[in-house]
Amino acid sequence: MFGADAVRCMRRGNGGSALGGHKWWRVYVTETQNPSESFVNIGEVEFRSQIGGQSESVGGVAVASSSYTPYYFPEGAFDGSLLTSSNTWSSNAVTTPPQWIGYEHVAEIDVVEVLIASGYNAGRAPFDFQIQFSDDGEVWETKASFAGEAGWVNYEARVFAL
């Protein structure tokens, strides 16, 4: 389950028409701001069904391709806190991108924007990434792709319209 190799690209670029709701959403990071970093660090993720709305990622299950244990589990990136290093997610330190973090929602949602906050090390923030969805947690489709997101600082939040 959650196979990173099971990705089907439906479309590339922003503003596509992956209409309808889906239970599973993820941020699939293919490159970090500093390519010499060996893992990804994200402070917070919010999947939103309304522009400027609240996070829909509550009550479900946070999931990730790997975690730097025992400290930085995926749940830390879905707790609503942007300012503490203990509430972030980091991928396994020996696993280079691509890496991903996502959420299994309690009901299907149609995500229209995503907030991503860098964590305690901005060099490990997403530089190139995709927002993907799934109906089963195994086969993924890309709703939007983003490239060249440079200039992150620690604990900076950015909102990406899909």
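Parameters and conventions
Within any chain, residue numbers begin from 1 and follow the written order of that chain's sequence. Residue-level local features of this predicted model are given only where pLDDT is at least 70; pairs of side-chain atoms are given and counted only at 80 or more, and the full residue set underlies all totals for whole chains, interfaces and linings. To get the side-chain values, all heavy atoms of the structure are used, and hydrogens and water are removed first. Strands are runs of DSSP state E lasting at least 2 residues, helices are runs of H or I lasting at least 4, and numbering of each runs from the N terminus. For every residue, the accessible area (1.4 Å probe, protein chains only) is compared with the maximum for its type, and the residue is labelled buried under 20%, exposed over 50%, or partly exposed between those bounds. Areas reported here follow the Shrake-Rupley algorithm with a probe of radius 1.4 Å; residue values treat only the protein chains shown as occluding. Within this document, salt bridges are pairs made up of a side-chain nitrogen of Lys or Arg and a carboxyl oxygen of Asp or Glu, the two lying within 4 Å of each other. Pairing between strands is defined by DSSP: at least two bridges between the two strands are required. Each patch is built from residues lacking any salt bridge and having more than 30% relative accessible area; the joining distance is 9 Å for like charges and 5 Å for nonpolar side chains (Val, Leu, Ile, Met, Phe, Trp, Tyr). Positive charges are assigned to Lys and Arg, negative charges to Asp and Glu, while His and the chain termini are left out of the count. A charged residue contributes its charge at one atom only: NZ of Lys, CZ of Arg, CG of Asp or CD of Glu. For this analysis, residues touch if any pair of their heavy atoms sits within 4.5 Å. Residues grouped as a nonpolar core are buried Ala, Val, Leu, Ile, Met, Phe, Trp, Tyr and Cys residues, joined through side-chain atoms within 4.5 Å. A residue's pLDDT is the predictor's confidence in that residue, given on a scale from 0 to 100.

### Details of the overall build of the protein chain
Counting its secondary structure elements, the protein chain contains zero helices and 10 strands. Start at the N end of the protein chain and walk to the C end: the helices and strands fall as β-β-β-β-β-β-β-β-β-β. Expressed as a percentage of the 162 residues in the protein chain, the buried residues total 48%. When the accessible area of the protein chain is evaluated, it comes to approximately 7000 Å², of which 50% is carbon and sulfur surface.

### Some details on the pattern of salt bridges
Tallied over the full model, the rule gives seven salt bridges. Taking the shortest distance from any N to any O, the salt bridge between Arg48 and Glu46 comes out at 2.7 Å. The class of Arg48 is buried, set by a relative accessible area of 9%. Judged by its relative accessible area of 16%, Glu46 falls in the buried class. Salt bridges here are not isolated pairs; linked through shared partners, they connect Glu46, Arg48 and Glu113.

### Examining the pairing of strand β3 (residues 41–48)
Burial runs high along β3: eight of the eight residues are buried. Here two bridges tie β3 to strand β5 (residues 89–90), and the two strands are oriented antiparallel to one another. Across the sheet, the residue bridging to Ile42 is Trp89, located in β5.

### Considering a negative patch on the surface
Taken together, Glu108, Asp135, Asp136 and Glu138 make up a surface patch of like negative charges. Among the secondary structure elements, Glu108 is positioned in strand β6 (residues 99–109). Glu108 gets classed as exposed once you look at its relative accessible area, which sits at 55%.

### Regarding the environment of Phe78
Inspection of the secondary structure assignment puts Phe78 in the loop between β4 (61–64) and β5. Expressed as a C-alpha distance, the spacing of Phe78 and Val45, which sit 33 residues apart in the sequence, is 5.9 Å. If near-sequence neighbours (up to four positions away) are discounted, Phe78 is found in contact with Glu44, Val45, Phe47, Ser57, Ala62, Ile101, Gly102 and Tyr103.

### A closer look at the side chain of Ser67
Structurally, Ser67 is set in the loop between β4 and β5. With a relative accessible area of 18%, Ser67 lands in the buried category. Contact partners of Ser67, with chain neighbours within four places excluded, come to Tyr72, Phe73, Pro74, Trp89, Ser90, Ser91 and Asn92.

### Describing the nonpolar core
Counting 27 residues, the largest nonpolar core has Val27, Phe47, Val114 and Ile131 as its most contacted members. Within the residue set of this core, elements represented by two or more residues are β2 (22–32), β3, β6, β7 (113–118), β8 (126–134) and β9 (140–146). Apart from residues no more than four positions distant in its own chain, Val27 is found in contact with Val45, Phe47, Gln99, Trp100, Ile101, Val114, Ile116, Phe129, Gln130 and Ile131. The next biggest cluster of nonpolar side chains, apart from the first, holds five residues, and it includes Trp24, Tyr28, Trp100 and Trp140.

### Here we look at the confidence of the model for the protein chain
Mean pLDDT over the protein chain: 87, with 88% of residues reaching 70 or higher. Taken together, the stretch residues 1–17 has pLDDT below 50 and engages in 49 contacts with residues farther than four places along the chain or on a different chain.

### As for the sheet that holds strand β10 (residues 157–161)
An order of β5-β3-β7-β10 is seen for the four strands of this open sheet, with the pairing classed as antiparallel. Strands at the two margins of the open sheet, each flanked by one partner only, are β5 and β10.

### Examining the environment of Trp24
In this structure, Trp24 sits in strand β2. Looking at Trp24, the relative accessible area reads 5%, which means it is buried. Here the alpha-carbon distance between Trp24 and Asp135, two residues 111 residues apart in the chain, equals 6.2 Å.

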